[in-house]
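Structure at a glance
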Amino acid sequence: MTVKKILTAPDPFLKQISKPVDEVTKEIQDLMDDMLDTMYDAPGIGLAAVQIGVPLRVIVMDISWRNEEGIKEPLYFVNPEITVKTKNLSTYEEGCLSVPDQYAEIDRPEECEINFLDYNGKKSTLNAKGLLATCIQHEMDHLEGILFIDHLSNMKRNMIVKKLIKTKKQSKKERIVA
Ligand code: NI
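Summary of the structure given here. The structure displayed is predicted, hence computed values, not measured ones.

The rules behind each value
Residues numbered from 1 in each chain as written. Predicted model: local features only at pLDDT ≥ 70, side-chain atom pairs only at ≥ 80, totals over all residues. Heavy atoms only, no water. Helix = DSSP H or I, 4+ residues; strand = E, 2+ residues; numbered from the N terminus. Contact = heavy atoms within 4.5 Å. Polar contact = N/O pair within 3.5 Å; in protein donor to acceptor, adjacent residues only side chain to side chain. Salt bridge = Lys/Arg side-chain N within 4 Å of Asp/Glu carboxyl O. Buried < 20%, exposed > 50% of the residue type's maximum accessible area, 1.4 Å probe, protein only. Donors = N, O, S within 2.8 Å, 3.2 Å for Na, K, Ca; no water. Disulfide = S-S within 2.5 Å.

Quick word on the environment of Tyr-119
Summarising the element assignment, Tyr-119 is placed in the loop between strand S6 (111-117) and strand S7 (123-129). It is 9.8 Å that separates the C-alpha atoms of Tyr-119 and Lys-26, two residues lying 93 residues apart in sequence. If sequence neighbours within four positions are ignored, Tyr-119 has contacts with Val-24, Gln-29, Met-32, Asp-33 and Tyr-76. Within the structure, the side chain of Tyr-119 is placed 2.9 Å from the side chain of Asp-33, a separation counted as a polar contact.

In structure tokens:
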């Protein structure tokens, strides 16, 4: 298992639509293991494969492990599809490992139902609400090349992207000095 590099905006790689997985093979399971290691290391509560440079419809999540108890409860979603979502919206302040240190309030359907393949390739259904529903929708946006900042006004998004570009330039300078 390996911690991979996470791509950050405005990297155009993140804008592509991820491809469905044909079958949950050992290779896909290895990918999910690496994604989980990368997510825990970052640290974050969700990661899509495209964020580590693999444009496949694979997501890992764990919304429990950063609680006081710190118990790890990883979730794996291959080829997830939203089958039902509520009209009611809920609002969370979101961040993203591909948009470092930036946060914004985003409205999303409060509850949703998702069909997917699990770690062992078994067809599964999940009814999600609250943070779980928001997180899975955030991750599924990644599969369509959408970041949470794409839900903001152009002005707010441009402001955040400018900050990210500035930070990237600064970190490059530091690398040269070292
Ligand atoms: Ni994200």
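Now that the structure has been shown, we can carry on.
Quick notes on the pattern of salt bridges
As enumerated under the stated definition, the model contains seven salt bridges in all. Here Arg-57 and Glu-144 are joined by a salt bridge, their closest N and O atoms 2.3 Å apart. Of this pair, Arg-57 sits in the loop between strand S1 (46-48) and strand S2 (58-61) while Glu-144 sits in the loop between helix H2 (130-143) and helix H3 (154-177), and the two are 87 residues apart along the sequence. The partner of Arg-157 in a salt bridge is Asp-150, with the nearest N and O atoms 4.0 Å apart. When its relative accessible area of 18% is taken as the criterion, Arg-157 is described as buried.

What to know about the coordination of the nickel ion
The nickel ion binds to the protein through Cys-96 (SG), His-138 (NE2) and His-142 (NE2); the donor distances cover 2.1 to 2.3 Å. Summarised as a motif, the one-chain spacing of the donors to the nickel ion is C-x41-H-x3-H. Residue His-138 and its partner His-142 are both found in helix H2; the two are separated by four residues, about one turn of the helix. Accessibility classification places His-138 together with His-142 in one group, the buried group.

Re the state of the cysteines
A disulfide bridge is the covalent bond that connects two cysteines by way of their sulfur atoms. Across all of its chains, the model carries zero disulfides by this definition. Looking at the unpaired Cys-112, the closest cysteine sulfur is the one in Cys-135, lying at 11 Å. Unpaired in terms of disulfides, Cys-135 finds its nearest cysteine sulfur in Cys-96, a separation of 10.0 Å. On the basis of relative accessibility, which here comes to 6%, the residue Cys-135 falls in the buried class.

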